[in-house]
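Observations on the three-dimensional arrangement
Spelled out from the first residue to the last, the chains are:
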Amino acid sequence: MDLEKIMNDLVKKHPGEVEYLQAVREVLESIEEVVNENPHFESAGIIDRLIEPDRVLTFKVPWMDDNGKVHVNLGYRVQFNNALGPYKGGLRFHPSVNLSILKFLGFEQIFKNSLTTLPIGGGKGGSDFNPKGKSDNEIMRFCQSFMLELWKIIGPEMDVPAGDIGVGGKEIGYLYGMYKKLTHEHHGVLTGKGLNWGGSLIRPEATGFGAVYFAKEMLATKGETFEGKTVCLSGFGNVAWGAAMKVNELGGKVVTLSGPDGYIHDPEGISGDKIEYMLELRASNQDIVQPYVYEFPEAKFIPGKHPWEVNCDVAIPCATQNELNEEDARHLVNNGCHCVAEGANMPSTPEAIEIFHDNKVLFGPGKAVNAGGVATSGLEMSQNAMKLNWLRDEVDSRLHQIMISIHNTCVKHGTEEDGYINYVKGANIAGFLKVANAMLDQGLV
Ligand code: NDP
Ligand code: 2IT
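This section reports on the structure supplied with the text. (Residues numbered from 1 in each chain as written. Chains lettered and ligands numbered in written order. Predicted model: local features only at pLDDT ≥ 70, side-chain atom pairs only at ≥ 80, totals over all residues. Heavy atoms only, no water.)

Considerations on the side chain of Asp159
Mapped onto the fold, Asp159 is located in strand 5 (residues 159–162). In this structure the side chain of Asp159 is engaged in a polar contact, spanning 2.7 Å, whose partner is the side chain of Arg77. Filtering out sequence-adjacent residues up to four positions away, Asp159 remains in contact with Arg77, Gln79, Pro86, Tyr87, Lys88, Ile153, Ile154 and Val189. (Helix = DSSP H or I, 4+ residues; strand = E, 2+ residues; numbered from the N terminus. Polar contact = N/O pair within 3.5 Å; in protein donor to acceptor, adjacent residues only side chain to side chain. Contact = heavy atoms within 4.5 Å.)

And the structure:
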């Protein structure tokens, strides 16, 4: 496999799609050796077929605000690969959304979903719509207009969207309502649904819980636990909330949160009411974490900075892509952090990952660490198909088992000669092999 040629050709075809190109390069670098050892992948054109999405739907989303003014946003669905099962992946509503970001997320999702052990392919979608500061009615009208286009290409055996940044239970409800109206069908076409109408217990907590279950396994390889560990989190959304709860439960202390305005440092620990307050902060539909210090004055707000300068044992980035750069990685390593688990998708830059690897930090990449979210979406699909609901403990224990299995898979495929576990390599190779072999089995389609 000529990696540089593949990348040069891809850059020419998709100039400026930096996040997508970054994600593809990372995977190809990890799997290069495996591909070279298996010439049948090359002769079947597996790599060329894998790095381009099966199809992309782009559409306009016109909607009216509460003052009667008309707005037009862009909507997308990237159906990347369905070798293992129906396309599956979240919808992101954020002003930064563009095709490059959704292609990177859809590409990552293929390997993540493969690692979950469940039969789901990879996709992603969303819009540059900004839900911040919008009324519930405005969000509803936007979601309805979005679904007026999306419904044509989704379905429980075709493509099953869910939430991501800016899309939580409320948005899933409005999207589902419109899908149901258009199709007259009440089947689980979206995951992350309300508990009374097909949702699964533990789905809201799943990504954060899963990330901490994975980090627990990473620490265990060094004979360590979360007990007494200081943990830095970023973000203050769904993933950060679930991770904060589970770290506390396992005896760790969460000392930071962050938003686009800066970060909160609470040396006494973010637990109990303070975690519940995160939900209020998100529900307030603003874009800031600063109000935390008005509620809990013992904490400090540091404007315009990331939390990675704070001393910690474990870091769990839970906000967004490329939020942890080379300098941040140096700070973390110099301040004693020896375990980094990516709750978000691709939060560390390639330079930051190199520093973690050079310093033999336990580094878990997003596609392995945060796979608990989509895995529990898969469990929601199973429950919908069976028309029954599992109890909380049942879903949680399945989630926990899946995270342990993903960890074992990474160890199997990522352990290097000196014993260091390269989780990036492990996750990429294991995720890739399953998809590549399924593509071979299914012929040239
Ligand atoms: P939420 O919308 O609940 O929270 C996202 C958090 O990140 C918020 O604090 C948000 O602040 C912040 N954020 C978003 N964009 C930016 C930006 N450009 N700059 C700085 N901060 C930003 O989303 P989730 O918690 O669901 O998602 C967080 C991460 O986890 C994402 O990378 C997502 O892809 C990933 N993920 C989510 C899963 C899920 O099931 N929800 C599953 C697996 C991964 P604000 O919104 O105020 O800008
Ligand atoms: O990035 C992700 O894995 C998600 N946003 C969850 C996707 C899903 O289908 O539950």
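The rest of the description comes next.
A word on the site of ligand 2
By nearness alone, 14 residues border ligand 2, and Lys88, Lys112, Asp164, Arg203 and Ser377 come closest of all. Within the side chain of Asp164, an N or O atom sits 2.9 Å from a nitrogen atom of ligand 2. In isolation ligand 2 exposes 300 Å². Once the protein is present, 94% of that is buried. Residues of the shell around ligand 2, tallied by class, amount to 2 nonpolar, 7 polar and 5 charged. (Near = heavy atom within 4 Å. Areas by Shrake-Rupley, 256 points an atom, 1.4 Å probe, with all protein chains shown as cover. Nonpolar A, V, L, I, M, F, W, Y, C, P; charged D, E, K, R; others polar.)

Things to note about the packing of aromatic side chains
For the structure on display, the rule yields 18 aromatic pairs. Ring centres 6.4 Å apart and planes at 90 degrees place the aromatic pair Trp63 and Phe142 in the edge-to-face group. Placement of Trp63 in strand 1 (residues 55–64) and of Phe142 in helix 6 (residues 136–150) is noted, with a sequence separation of 79 residues between them. Neither residue differs from the other here; Trp63 and Phe142 are each classed as buried. Consider the rings of Phe93 and Phe142, whose centres lie 5.1 Å apart with planes at 90 degrees: the pair is edge-to-face. Residue Phe93 is located in strand 3 (residues 87–93), and its partner Phe142 is located in helix 6; the two are separated by 49 residues in the primary sequence. (Phe/Tyr/Trp six-rings, centres within 6.5 Å; stacked < 30°, edge-to-face > 60°. Buried < 20%, exposed > 50% of the residue type's maximum accessible area, 1.4 Å probe, protein only.)

A few points about the pattern of salt bridges
For the coordinates displayed, the defined rule picks out 24 salt bridges. Put simply, Lys13 and Glu52 hold a salt bridge, and the shortest N to O gap is 3.2 Å. With a gap of 39 residues between them, Lys13 in helix 1 (residues 3–13) and Glu52 in the loop between helix 4 (46–51) and strand 1 connect regions that are remote in the sequence. Put simply, Lys274 and Glu298 hold a salt bridge, and the shortest N to O gap is 3.0 Å. Pair noted here: Lys274 is in helix 10 (residues 273–283) and Glu298 is in the loop between helix 11 (292–295) and strand 9 (300–303), with a separation of 24 residues, a long-range link. For Glu298, a relative accessible area of 34% puts it in the partly exposed group. When salt bridges with common partners are traced through the structure, they connect Glu4, Arg25 and Glu29 into a single cluster. (Salt bridge = Lys/Arg side-chain N within 4 Å of Asp/Glu carboxyl O.)

Some remarks on the site of ligand 1
Taken together, 24 residues lie around ligand 1, and Lys132, Asp164, Asn238, Asp287 and Asn345 are the ones closest in. Between ligand 1 and Phe236, the relevant distance is 2.9 Å, taken from an oxygen atom to a main-chain nitrogen or oxygen of the residue. The protein chains hide 88% of the 860 Å² of surface that ligand 1 would expose on its own. Tallied by class, the residues present in the shell around ligand 1 amount to 7 nonpolar, 10 polar and 7 charged.

Brief notes about a nonpolar patch on the surface
Among the surface-exposed residues, Met64, Val70 and Val72 lie close enough to one another that they form a single nonpolar patch of about 280 Å² accessible area. By secondary structure assignment, the location of Val70 is in strand 2 (residues 70–81). Given the relative accessible area of 52%, Val70 is considered exposed. (Patch = residues over 30% accessible without salt bridge, like charges linked within 9 Å, V, L, I, M, F, W, Y side chains within 5 Å.)

Some details on empty space enclosed by the protein
Where empty space is left can be seen by rolling a probe of water-molecule size over the atoms. Counting across every chain of the model gives 1 cavity of 30 Å³ or more. Empty space within the largest cavity amounts to approximately 60 Å³. Looking at the lining of the largest cavity residue by residue, the classes come out as 3 nonpolar, 2 polar and 4 charged. (1 Å grid on protein atoms, 1.4 Å probe; cavity = no way out; pocket = protein on both sides within 12 Å on 5 of 7 lines; lining within 4 Å. Points joined across faces, edges and corners; volume = space filled by probe spheres on them.)

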